[in-house]
Amino acid sequence: MRNKLFRSLALMAIVAITSACSTKEIPAEVFEAGNGPYISEVGENLYFVEDFNNGGNICFLVAKKGVLIVDAGNFPGPVEKVMAIIRKVTDKPLTHLVYTHVHGDHVGGAAGFPGDISIVAHENLNPNLEKFFSPGLEAFESRVEELGEDSLRLVYGERFDDIAGVEVRPANKTFAEEMTVDMGSYTVELYYPGTCHTSDNIYVLFKEQKVLHTGDLVFNRRHPFIGAAYEANPWLWAETVKEWAGKDLVKVIPGHGPVGGPEILAEQSAYVDTLIEASGTHKHTQMAISESAQELHNEYFPDFQIGGFFTGGEQLIIDKLGE
(Lines give C-alpha, C1' and ligand atoms only; values in the text may rest on other atoms or scores of the structure.)
Protein backbone atom coordinates (compact mmCIF):
# COMPACT_ATOMS: atom_id res chain seq x y z
CA MET A 1 0.00 0.00 0.00
CA ARG A 2 2.83 2.35 0.93
CA ASN A 3 4.62 1.60 -2.38
CA LYS A 4 1.45 2.23 -4.35
CA LEU A 5 0.90 5.53 -2.51
CA PHE A 6 4.53 6.52 -3.11
CA ARG A 7 4.26 5.76 -6.83
CA SER A 8 1.03 7.75 -7.02
CA LEU A 9 2.56 10.75 -5.27
CA ALA A 10 5.68 10.52 -7.44
CA LEU A 11 3.56 10.45 -10.59
CA MET A 12 1.59 13.47 -9.40
CA ALA A 13 4.83 15.33 -8.74
CA ILE A 14 6.15 14.55 -12.23
CA VAL A 15 2.90 15.73 -13.81
CA ALA A 16 2.99 18.91 -11.74
CA ILE A 17 6.59 19.64 -12.71
CA THR A 18 5.90 18.95 -16.38
CA SER A 19 2.86 21.23 -16.34
CA ALA A 20 4.79 24.04 -14.68
CA CYS A 21 7.63 23.96 -17.19
CA SER A 22 6.74 26.29 -20.03
CA THR A 23 10.03 26.24 -21.93
CA LYS A 24 12.30 23.70 -23.55
CA GLU A 25 16.03 23.51 -23.14
CA ILE A 26 16.88 26.27 -25.59
CA PRO A 27 19.84 25.67 -27.93
CA ALA A 28 22.72 28.05 -27.21
CA GLU A 29 22.85 29.30 -30.79
CA VAL A 30 19.41 30.84 -30.40
CA PHE A 31 21.01 33.46 -28.17
CA GLU A 32 24.03 34.11 -30.41
CA ALA A 33 24.25 37.24 -32.54
CA GLY A 34 24.71 36.55 -36.23
CA ASN A 35 22.24 33.67 -36.39
CA GLY A 36 19.38 36.19 -36.62
CA PRO A 37 16.85 36.59 -35.57
CA TYR A 38 18.00 35.47 -32.17
CA ILE A 39 16.53 36.07 -28.74
CA SER A 40 17.45 37.43 -25.35
CA GLU A 41 15.51 36.73 -22.17
CA VAL A 42 14.38 40.07 -20.73
CA GLY A 43 12.29 38.63 -17.93
CA GLU A 44 11.01 35.32 -16.63
CA ASN A 45 9.73 33.45 -19.72
CA LEU A 46 9.71 36.77 -21.62
CA TYR A 47 11.84 36.97 -24.75
CA PHE A 48 12.91 39.79 -27.03
CA VAL A 49 13.52 38.93 -30.69
CA GLU A 50 16.67 40.80 -31.72
CA ASP A 51 18.31 41.33 -35.11
CA PHE A 52 14.85 41.28 -36.66
CA ASN A 53 15.54 43.95 -39.25
CA ASN A 54 12.12 43.83 -40.75
CA GLY A 55 9.99 46.14 -38.68
CA GLY A 56 9.26 47.02 -35.10
CA ASN A 57 10.61 45.11 -32.14
CA ILE A 58 8.84 41.86 -31.28
CA CYS A 59 8.67 40.10 -27.93
CA PHE A 60 6.83 37.02 -26.70
CA LEU A 61 5.73 35.67 -23.34
CA VAL A 62 5.49 31.94 -22.61
CA ALA A 63 2.79 31.37 -20.01
CA LYS A 64 0.51 28.69 -18.60
CA LYS A 65 -2.30 29.44 -21.06
CA GLY A 66 -0.09 29.83 -24.11
CA VAL A 67 2.16 32.33 -25.89
CA LEU A 68 1.43 36.05 -26.17
CA ILE A 69 3.30 38.00 -28.86
CA VAL A 70 3.66 41.75 -29.17
CA ASP A 71 3.77 43.12 -32.73
CA ALA A 72 4.18 41.33 -36.03
CA GLY A 73 6.91 43.01 -38.04
CA ASN A 74 6.60 44.10 -41.65
CA PHE A 75 5.86 40.96 -43.65
CA PRO A 76 4.54 37.41 -43.09
CA GLY A 77 7.55 35.68 -44.67
CA PRO A 78 10.13 36.73 -42.09
CA VAL A 79 7.65 35.88 -39.33
CA GLU A 80 8.44 32.25 -40.16
CA LYS A 81 11.87 32.85 -38.62
CA VAL A 82 10.23 34.24 -35.50
CA MET A 83 7.92 31.21 -35.37
CA ALA A 84 10.96 28.94 -35.62
CA ILE A 85 12.56 30.78 -32.71
CA ILE A 86 9.39 30.46 -30.61
CA ARG A 87 9.19 26.75 -31.35
CA LYS A 88 12.75 26.28 -30.09
CA VAL A 89 11.55 27.77 -26.82
CA THR A 90 8.10 26.19 -26.36
CA ASP A 91 5.45 23.96 -27.89
CA LYS A 92 2.62 25.90 -26.28
CA PRO A 93 -0.07 27.31 -28.61
CA LEU A 94 0.21 30.90 -29.85
CA THR A 95 -2.91 32.40 -28.31
CA HIS A 96 -2.54 36.21 -28.42
CA LEU A 97 -1.02 38.79 -30.78
CA VAL A 98 -1.02 42.36 -29.45
CA TYR A 99 -0.67 45.29 -31.86
CA THR A 100 0.98 48.35 -30.30
CA HIS A 101 -0.29 50.59 -33.13
CA VAL A 102 -1.35 50.67 -36.78
CA HIS A 103 1.92 51.20 -38.64
CA GLY A 104 2.76 48.57 -41.23
CA ASP A 105 6.11 47.65 -39.68
CA HIS A 106 4.18 46.46 -36.61
CA VAL A 107 1.10 44.80 -38.17
CA GLY A 108 2.16 43.77 -41.68
CA GLY A 109 3.48 40.34 -40.73
CA ALA A 110 0.35 39.19 -38.90
CA ALA A 111 -0.63 36.74 -41.62
CA GLY A 112 2.48 34.74 -40.72
CA PHE A 113 0.93 33.77 -37.40
CA PRO A 114 -1.82 31.13 -36.97
CA GLY A 115 -5.23 32.11 -38.28
CA ASP A 116 -6.95 31.38 -34.97
CA ILE A 117 -4.69 33.62 -32.88
CA SER A 118 -6.57 36.28 -30.91
CA ILE A 119 -5.49 39.74 -32.08
CA VAL A 120 -5.75 42.47 -29.43
CA ALA A 121 -5.50 46.24 -29.96
CA HIS A 122 -6.97 49.61 -29.08
CA GLU A 123 -10.46 50.28 -30.45
CA ASN A 124 -9.10 52.92 -32.86
CA LEU A 125 -6.82 50.46 -34.60
CA ASN A 126 -9.30 48.70 -36.88
CA PRO A 127 -10.64 51.97 -38.34
CA ASN A 128 -7.04 53.11 -38.78
CA LEU A 129 -6.22 49.90 -40.65
CA GLU A 130 -8.95 50.74 -43.13
CA LYS A 131 -7.78 54.34 -43.38
CA PHE A 132 -4.01 53.90 -43.58
CA PHE A 133 -3.08 50.26 -44.20
CA SER A 134 -5.67 48.84 -46.58
CA PRO A 135 -5.25 51.52 -49.31
CA GLY A 136 -1.58 50.64 -49.74
CA LEU A 137 -2.34 46.95 -50.22
CA GLU A 138 -5.16 47.75 -52.64
CA ALA A 139 -2.83 49.99 -54.64
CA PHE A 140 -0.24 47.21 -54.81
CA GLU A 141 -2.83 44.67 -55.97
CA SER A 142 -4.06 47.11 -58.62
CA ARG A 143 -0.52 47.56 -59.93
CA VAL A 144 -0.11 43.78 -60.16
CA GLU A 145 -3.29 43.53 -62.22
CA GLU A 146 -2.32 46.48 -64.41
CA LEU A 147 1.39 45.80 -65.02
CA GLY A 148 1.68 42.09 -64.36
CA GLU A 149 3.61 40.18 -61.75
CA ASP A 150 6.80 39.88 -63.82
CA SER A 151 7.08 43.64 -64.30
CA LEU A 152 6.55 44.37 -60.63
CA ARG A 153 9.11 41.76 -59.62
CA LEU A 154 11.65 43.86 -61.49
CA VAL A 155 10.53 46.90 -59.50
CA TYR A 156 10.35 45.35 -56.02
CA GLY A 157 12.93 42.59 -56.38
CA GLU A 158 13.02 40.21 -53.44
CA ARG A 159 10.44 42.34 -51.61
CA PHE A 160 7.70 41.39 -54.08
CA ASP A 161 6.85 38.10 -52.36
CA ASP A 162 7.01 39.79 -48.97
CA ILE A 163 4.51 42.46 -49.99
CA ALA A 164 2.29 40.01 -51.87
CA GLY A 165 1.94 37.93 -48.71
CA VAL A 166 0.66 40.80 -46.56
CA GLU A 167 -2.96 40.64 -45.45
CA VAL A 168 -5.11 42.98 -43.40
CA ARG A 169 -5.61 41.17 -40.10
CA PRO A 170 -7.87 43.34 -37.90
CA ALA A 171 -8.06 42.96 -34.15
CA ASN A 172 -10.87 40.76 -32.86
CA LYS A 173 -10.53 42.02 -29.27
CA THR A 174 -10.35 45.74 -28.62
CA PHE A 175 -10.47 48.07 -25.62
CA ALA A 176 -10.91 51.77 -24.90
CA GLU A 177 -8.71 52.69 -21.92
CA GLU A 178 -7.24 49.61 -20.23
CA MET A 179 -7.32 45.86 -20.66
CA THR A 180 -5.87 42.94 -18.70
CA VAL A 181 -4.91 39.69 -20.43
CA ASP A 182 -4.79 36.79 -17.99
CA MET A 183 -2.22 34.29 -19.27
CA GLY A 184 -2.63 32.02 -16.25
CA SER A 185 0.83 32.24 -14.76
CA TYR A 186 1.34 35.88 -15.78
CA THR A 187 -0.64 39.06 -16.29
CA VAL A 188 -0.29 41.42 -19.24
CA GLU A 189 -1.77 44.91 -18.90
CA LEU A 190 -2.56 47.18 -21.84
CA TYR A 191 -2.90 50.95 -21.47
CA TYR A 192 -4.05 53.64 -23.89
CA PRO A 193 -2.49 57.05 -23.07
CA GLY A 194 -4.35 59.04 -25.74
CA THR A 195 -3.08 60.13 -29.12
CA CYS A 196 0.70 60.54 -29.00
CA HIS A 197 2.48 58.75 -31.85
CA THR A 198 -0.81 57.57 -33.36
CA SER A 199 -4.43 57.62 -32.22
CA ASP A 200 -4.25 53.90 -31.34
CA ASN A 201 -0.84 53.63 -29.64
CA ILE A 202 -0.65 51.56 -26.43
CA TYR A 203 1.75 50.49 -23.71
CA VAL A 204 2.09 46.76 -22.95
CA LEU A 205 3.13 45.97 -19.37
CA PHE A 206 4.30 42.51 -18.37
CA LYS A 207 3.32 42.95 -14.76
CA GLU A 208 5.26 40.21 -12.97
CA GLN A 209 8.40 40.79 -15.02
CA LYS A 210 8.18 44.60 -14.67
CA VAL A 211 8.96 44.93 -18.36
CA LEU A 212 7.25 47.48 -20.60
CA HIS A 213 6.87 47.26 -24.39
CA THR A 214 6.24 50.79 -25.61
CA GLY A 215 5.70 50.27 -29.32
CA ASP A 216 6.75 53.44 -31.11
CA LEU A 217 6.15 55.62 -28.07
CA VAL A 218 9.90 55.08 -27.61
CA PHE A 219 12.58 55.02 -30.29
CA ASN A 220 15.81 54.22 -28.46
CA ARG A 221 18.56 56.52 -29.78
CA ARG A 222 16.70 57.04 -33.04
CA HIS A 223 14.59 59.89 -34.38
CA PRO A 224 10.92 59.03 -33.86
CA PHE A 225 8.41 59.27 -36.66
CA ILE A 226 6.05 62.17 -35.86
CA GLY A 227 3.40 62.11 -38.58
CA ALA A 228 0.68 64.67 -39.21
CA ALA A 229 -1.51 62.10 -40.97
CA TYR A 230 -1.65 60.11 -37.75
CA GLU A 231 -2.54 63.20 -35.69
CA ALA A 232 0.63 62.89 -33.60
CA ASN A 233 0.62 64.99 -30.43
CA PRO A 234 4.24 65.59 -29.28
CA TRP A 235 3.13 67.42 -26.12
CA LEU A 236 1.07 64.52 -24.77
CA TRP A 237 3.71 62.12 -26.06
CA ALA A 238 6.44 63.72 -23.93
CA GLU A 239 4.13 63.86 -20.91
CA THR A 240 2.97 60.26 -20.91
CA VAL A 241 6.43 58.79 -21.54
CA LYS A 242 7.72 60.86 -18.62
CA GLU A 243 4.96 59.44 -16.41
CA TRP A 244 5.99 55.89 -17.24
CA ALA A 245 9.62 56.74 -16.52
CA GLY A 246 8.62 57.14 -12.87
CA LYS A 247 7.09 53.66 -12.55
CA ASP A 248 8.68 50.56 -11.07
CA LEU A 249 10.16 48.94 -14.17
CA VAL A 250 13.18 46.72 -14.77
CA LYS A 251 13.46 46.85 -18.56
CA VAL A 252 11.86 48.70 -21.47
CA ILE A 253 11.41 47.31 -24.97
CA PRO A 254 11.17 50.22 -27.43
CA GLY A 255 9.44 50.10 -30.79
CA HIS A 256 12.83 50.47 -32.46
CA GLY A 257 16.33 50.19 -31.09
CA PRO A 258 17.86 48.09 -28.32
CA VAL A 259 16.22 47.13 -25.03
CA GLY A 260 17.10 49.48 -22.18
CA GLY A 261 16.16 50.36 -18.65
CA PRO A 262 13.62 52.94 -17.48
CA GLU A 263 16.13 55.64 -18.42
CA ILE A 264 15.21 55.34 -22.09
CA LEU A 265 11.70 56.54 -21.21
CA ALA A 266 13.12 59.69 -19.65
CA GLU A 267 15.42 60.12 -22.63
CA GLN A 268 12.50 59.89 -25.06
CA SER A 269 10.52 62.45 -23.10
CA ALA A 270 13.51 64.80 -23.03
CA TYR A 271 14.02 64.30 -26.76
CA VAL A 272 10.44 65.31 -27.61
CA ASP A 273 10.56 68.29 -25.24
CA THR A 274 13.84 69.42 -26.83
CA LEU A 275 12.42 69.06 -30.32
CA ILE A 276 9.35 71.11 -29.39
CA GLU A 277 11.46 73.90 -27.91
CA ALA A 278 13.99 73.91 -30.75
CA SER A 279 11.27 73.85 -33.41
CA GLY A 280 9.60 76.81 -31.73
CA THR A 281 12.86 78.73 -31.93
CA HIS A 282 13.33 77.90 -35.60
CA LYS A 283 9.73 78.79 -36.38
CA HIS A 284 10.70 82.47 -36.70
CA THR A 285 13.70 81.93 -38.99
CA GLN A 286 13.54 82.28 -42.73
CA MET A 287 15.18 78.91 -43.33
CA ALA A 288 13.65 76.30 -45.55
CA ILE A 289 12.31 73.46 -43.40
CA SER A 290 14.91 71.05 -44.80
CA GLU A 291 17.75 73.37 -43.77
CA SER A 292 16.18 74.04 -40.40
CA ALA A 293 15.75 70.33 -39.69
CA GLN A 294 19.35 69.62 -40.60
CA GLU A 295 20.51 72.39 -38.28
CA LEU A 296 18.36 71.10 -35.42
CA HIS A 297 19.68 67.62 -35.94
CA ASN A 298 23.31 68.76 -35.95
CA GLU A 299 22.90 70.96 -32.87
CA TYR A 300 20.73 68.81 -30.60
CA PHE A 301 20.89 65.21 -31.87
CA PRO A 302 24.26 64.74 -33.61
CA ASP A 303 24.64 61.11 -32.52
CA PHE A 304 21.25 60.08 -33.92
CA GLN A 305 20.84 58.65 -37.39
CA ILE A 306 18.81 61.25 -39.27
CA GLY A 307 15.89 59.93 -41.29
CA GLY A 308 13.79 61.44 -44.02
CA PHE A 309 10.84 61.88 -41.66
CA PHE A 310 12.68 64.13 -39.20
CA THR A 311 11.68 67.15 -41.28
CA GLY A 312 8.03 66.21 -41.01
CA GLY A 313 8.22 66.10 -37.23
CA GLU A 314 9.60 69.62 -37.03
CA GLN A 315 7.03 70.86 -39.51
CA LEU A 316 4.15 69.34 -37.52
CA ILE A 317 5.31 71.09 -34.35
CA ILE A 318 5.73 74.44 -36.14
CA ASP A 319 2.27 74.13 -37.67
CA LYS A 320 0.68 73.32 -34.29
CA LEU A 321 2.49 76.22 -32.63
CA GLY A 322 0.93 78.49 -35.22
CA GLU A 323 -2.62 77.34 -34.53
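*Asks:* Which parts of the structure should I look at to understand the pairing of strand 10 (residues 203-206)?
*Replies:* A regular strand carries its side chains on alternate faces of the sheet. Residues of strand 10 alternate between two faces, with Tyr203 and Leu205 on one and Val204 and Phe206 on the opposite face, all of them buried. As paired elements, strand 9 (residues 187-191) and strand 10 share 4 bridges and run antiparallel to each other. Paired with Val188 across the two strands is Phe206, which belongs to strand 10. When strand 10 meets strand 11 (residues 211-213), the two strands line up antiparallel, connected through 3 bridges. Bridged to Leu205 within strand 11 is Leu212. In this structure, the hairpin formed by strand 10 and strand 11 is closed by a connection of 4 residues, where Lys210 is found at a positive phi of approximately 55°.

*Asks:* Teacher, can you tell me more about the nonpolar core here?
*Replies:* Note on soluble globular proteins: their nonpolar side chains tend to be buried together. Of all hydrophobic cores here, the largest spans 39 residues; its most connected members are Ile39, Phe60, Ile69, Leu94, Leu97, Tyr99 and Phe113. For this core, the secondary structure elements donating two or more residues are strand 2 (46-50), strand 3 (58-63), strand 4 (66-70), helix 2 (76-89), strand 5 (94-98), strand 6 (118-122), helix 4 (125-147) and helix 6 (159-164). Among the elements that make up this core, the one with the highest residue count is helix 2 (6 residues). The next biggest cluster of nonpolar side chains, apart from the first, holds 28 residues, and it includes Leu217, Val272, Phe310 and Ile317.

*Asks:* How do you make sense of the environment of Glu41 when you look at a structure like this?
*Replies:* Residue position: Glu41 is located in strand 1 (residues 38-43). Along the primary structure Glu41 and Ala238 are separated by 197 residues, whereas in three dimensions their C-alpha atoms are 29 Å apart. Non-local contacts of Glu41, meaning those with residues more than four positions away in its chain, are made with Phe31, Leu46, Tyr47 and Lys251.

*Asks:* Explanation requested: the packing of helix 8 (residues 263-282) against helix 9 (residues 289-300) in the structure shown.
*Replies:* Helix 9 packs onto helix 8 with a crossing angle of 135° between their chain directions and a minimal axis gap of 11 Å. Here helix 8 is positioned oblique relative to helix 9, judged by the angle of their axes. Note on packing geometry: the crossing formed by helix 8 with helix 9 is right-handed. Across the interface between the two elements, Thr274, Leu275, Ala278, Ser279 and His282 from helix 8 touch Ser292, Glu295, Leu296 and Tyr300 from helix 9. Here the residues of the contact of helix 8 with helix 9 are counted per class, giving 4 nonpolar, 4 polar and 1 charged.

*Asks:* Honestly, the sheet that holds strand 5 in this entry has me stumped. Any pointers?
*Replies:* Adjacent strands of a sheet form backbone hydrogen bonds with each other and so pair up, either parallel or antiparallel. Taken in spatial order, the 7 strands make up an open sheet running 1-2-3-4-5-6-7, and their pairing is mixed. In the strand order of this sheet, the two ends are held by strand 1 and strand 7 (173-175), each with one partner. Mean inter-strand twist for the sheet, computed between neighbouring axes without regard to direction, equals 25°. Where strand 6 and strand 7 come together, 3 bridges link them in parallel fashion. Paired with Val120 across the bridge in strand 7 is Lys173. Contacting strand 1, strand 2, strand 3, strand 4 and strand 5, helix 2 runs over the sheet at an angle of about 30° to strand 3.

Procedures and definitions
Residues numbered from 1 in each chain as written. Predicted model: local features only at pLDDT ≥ 70, side-chain atom pairs only at ≥ 80, totals over all residues. Heavy atoms only, no water. Buried < 20%, exposed > 50% of the residue type's maximum accessible area, 1.4 Å probe, protein only. Helix = DSSP H or I, 4+ residues; strand = E, 2+ residues; numbered from the N terminus. Pairing = 2+ DSSP bridges. Core = buried A, V, L, I, M, F, W, Y, C linked by side-chain atoms within 4.5 Å. Contact = heavy atoms within 4.5 Å. Axes fitted to C-alpha atoms, helices over the stretch in contact; angles between N-to-C directions. Parallel < 35°, antiparallel > 145°, perpendicular 65-115°, else oblique. Left-handed = near helix turned anticlockwise from the far one by under 90°. Nonpolar A, V, L, I, M, F, W, Y, C, P; charged D, E, K, R; others polar.

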